[in-house]
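Commentary on secondary and tertiary structure
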Amino acid sequence: MKIRCLPYKGKVGEEIRPLYFYKAMGIEIVDARIISFGACNFSCPYCKRDGNFRNADGSIVSSISATIEDLFKVVEEAVEKRQAVRISGGDPVIYPEASLLIAEKVKGLGGRLSIAHNGSSPQFIKKMVDAGLESAAIDLKAPAALMNSRTGLNNGSGKRMYQKSIETQDLLSSSGVLVDVRTPIFSNTTLDDMLELAKDIIAGGDGKNEFWTWRLYKPVAGCDFDPPRNIEGVIWMINEVKKNYPSLKIGLRAKWEPGGFMYF
């Protein structure tokens, strides 16, 4: 089985990121080894992994070929080091068979499984839940009216993907899976935008299993979106959202370096 994956520092499965949102759930933060698939069904213009630049076969231009055996080696090494294994992308929904094989491998080794997904397929996520998923990062990129421009989708499919993301979040949290909802913040992101998202995030599922990460957009070459003008304005919006939804656990990724995560 040949699979397109995104390398990190020249190798597949070398990226490690802490799952910061675990802290808000009363769980010790764990490092996750990231396996990033090199294809996606979205085409976000601000993708930090060049996701909107594609080869003729639809894979991301920076992707390389890997085998399932290559990915199993990453899993084995991660479990041995007591790291979680996070399937990411691109998006894992493009490689459902490989994703389930990895999940089975992690489970067989007694490891911890996480996934990062754009929320487009509750059906796929249900299979991952059944395979032993511990946590998930699910994108909710913008209010429904803005989803097309934020995801590179068209023909109104952005609104449908918004509803799919909410359905996916609810399925996960009500199944006992820890959910980190992730939303990028731009210069034109408004308080009304975030209140709309907050209302839908909190309406379903199980709130004790849900966390919401606001991610400050970091400029990407070729994208004309602008980052927030100042962090103080973003923190003000978070505090206003908390006034309306005090039970909603929120975090802010202010920068990617260690120590760049704030809890509210």
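This text goes with the structure placed above it.
Attention here is on the structure that accompanies the text.

Cut-off values and rules
Residues numbered from 1 in each chain as written. Predicted model: local features only at pLDDT ≥ 70, side-chain atom pairs only at ≥ 80, totals over all residues. Heavy atoms only, no water. Helix = DSSP H or I, 4+ residues; strand = E, 2+ residues; numbered from the N terminus. Rg over C-alpha atoms; globule rule 2.2 N^0.38 Å. Buried < 20%, exposed > 50% of the residue type's maximum accessible area, 1.4 Å probe, protein only. Contact = heavy atoms within 4.5 Å. Areas by Shrake-Rupley, 256 points an atom, 1.4 Å probe, with all protein chains shown as cover. Pairing = 2+ DSSP bridges. Phe/Tyr/Trp six-rings, centres within 6.5 Å; stacked < 30°, edge-to-face > 60°. Lys NZ or Arg CZ within 6 Å of the ring centre and 35° of its normal. Core = buried A, V, L, I, M, F, W, Y, C linked by side-chain atoms within 4.5 Å. Axes fitted to C-alpha atoms, helices over the stretch in contact; angles between N-to-C directions. Left-handed = near helix turned anticlockwise from the far one by under 90°. Nonpolar A, V, L, I, M, F, W, Y, C, P; charged D, E, K, R; others polar. Expected span 1.5 Å × (residues − 1). Arc of directions from axis to C-beta.

Attention now moves to the overall build of the protein. The number of helices and strands found in the protein is 7 helices and 11 strands. Computed over the C-alpha atoms, the radius of gyration of the protein is 17 Å, within 12% of the 18 Å expected from 2.2 N^0.38 for a compact globule of 264 residues. Along the first, second and third principal axes, the C-alpha set of the protein runs to 50 × 40 × 35 Å. When each of the 264 residues of the protein is scored for burial, the buried share is 53%. Restricting to contacts in the protein with at least 6 residues of sequence separation, those with at least 24 account for 70%. A total accessible area of about 11800 Å² is found for the protein, and carbon and sulfur atoms account for 50% of it.

So, on to the pairing of strand β8 (residues 178-185). Taking burial as the measure, the 8 residues of β8 include 8 buried ones, the bulk of the element. Neither face of β8 is exposed, since Leu178, Asp180, Arg182 and Pro184 on one face and Val179, Val181, Thr183 and Ile185 on the opposite face are all buried. For strand β7 (residues 133-139) and β8, the ladder comprises 5 bridges, and the chain directions are parallel. Bridging from a neighbouring strand, alanine 137 pairs with aspartate 180 of β8.

Overall, the coordinates contain 13 aromatic pairs when judged by the stated rule. Residues phenylalanine 211 and tyrosine 263 carry aromatic rings whose centres are separated by 6.4 Å and whose planes lie at 55° to one another, so their mutual orientation is tilted. Here tyrosine 263 lies in strand β11 (residues 261-263) and phenylalanine 211 lies in strand β9 (residues 210-216), a separation of 52 residues in the sequence. Of the residues examined, tyrosine 263 reaches a relative accessible area of 31% and is grouped as partly exposed. The aromatic ring of phenylalanine 72 is capped on one face by lysine 105, whose charged end is 5.2 Å from the ring centroid.

With omega at 20°, the peptide bond leading from glycine 89 into glycine 90 counts as cis. Looking at the secondary structure, you find glycine 90 in the loop between β5 (84-88) and α2 (96-108). A positive phi angle, close to 60°, is found at aspartate 50, a residue other than glycine. Mapped onto the secondary structure, aspartate 50 falls in the loop between β3 (31-36) and β4 (64-67). When its relative accessible area of 32% is taken as the criterion, aspartate 50 is described as partly exposed. A positive phi angle is found at arginine 82, which is not glycine, with a value near 65°. With respect to the secondary-structure elements, arginine 82 resides in the loop between α1 (68-80) and β5. The exposure class assigned to arginine 82 is exposed, which follows from its relative accessible area of 75%.

One finds Leu71, Ile102, Trp212 and Trp214 to be the most contacted residues of the largest nonpolar core, which totals 67 residues. Among the elements that take part in this core, α1 stands out by supplying 6 residues, more than any other. Ignoring any residue separated from it by four or fewer positions in sequence, one finds tryptophan 214 in contact with Thr183, Ile185, Met194, Val234, Met237, Ile238, Val241, Ile250, Gly251, Leu252 and Arg253. By size, the runner-up hydrophobic cluster in this structure holds 12 residues, among which are Phe21, Ile34, Leu178 and Phe211.

Attention now moves to the packing of α1 against α2. At a closest axis distance of 10 Å, the pairing of α1 and α2 adopts a crossing angle of 35°. Considering the relative orientation of α1 and α2, their crossing is right-handed. Residues Ile68, Leu71, Phe72, Val75 and Glu76 of α1 form the contact with α2, whose own contacting residues are Ala98, Leu101, Ile102, Lys105 and Val106. Tallied by class, the residues present in the contact of α1 with α2 amount to 8 nonpolar, no polar and 2 charged.

Along the chain, isoleucine 34 turns up in strand β3. Taking the C-alpha atoms as reference, isoleucine 34 lies 10.0 Å from leucine 6; in sequence the two are 28 residues apart. Other than its neighbours up to four places away in sequence, isoleucine 34 contacts Gly13, Glu15, Arg17, Arg86 and Ser88.

This paragraph deals with α2. Every α-helix carries 3.6 residues per turn, so stepping three or four residues along brings you back to the same face. Taking 1.5 Å per residue as the helical rise, α2 with its 13 residues ought to reach 18 Å, and the 18 Å between its terminal C-alpha atoms agrees with that figure. Here α2 has its buried residues at Ala98, Ser99, Ile102, Ala103 and Val106. Down the axis of α2, the sector holding all buried residues measures 140°, keeping them to one side. Turned more than 90 degrees from where α2 packs its buried face, Glu97, Lys107 and Gly108 sit exposed. Tucked into the core, α2 has its buried residues touching β1 (2-5), β3, α1, β5, β6 (113-117) and α3 (122-130).

These figures come from the coordinates and say nothing about function on their own.
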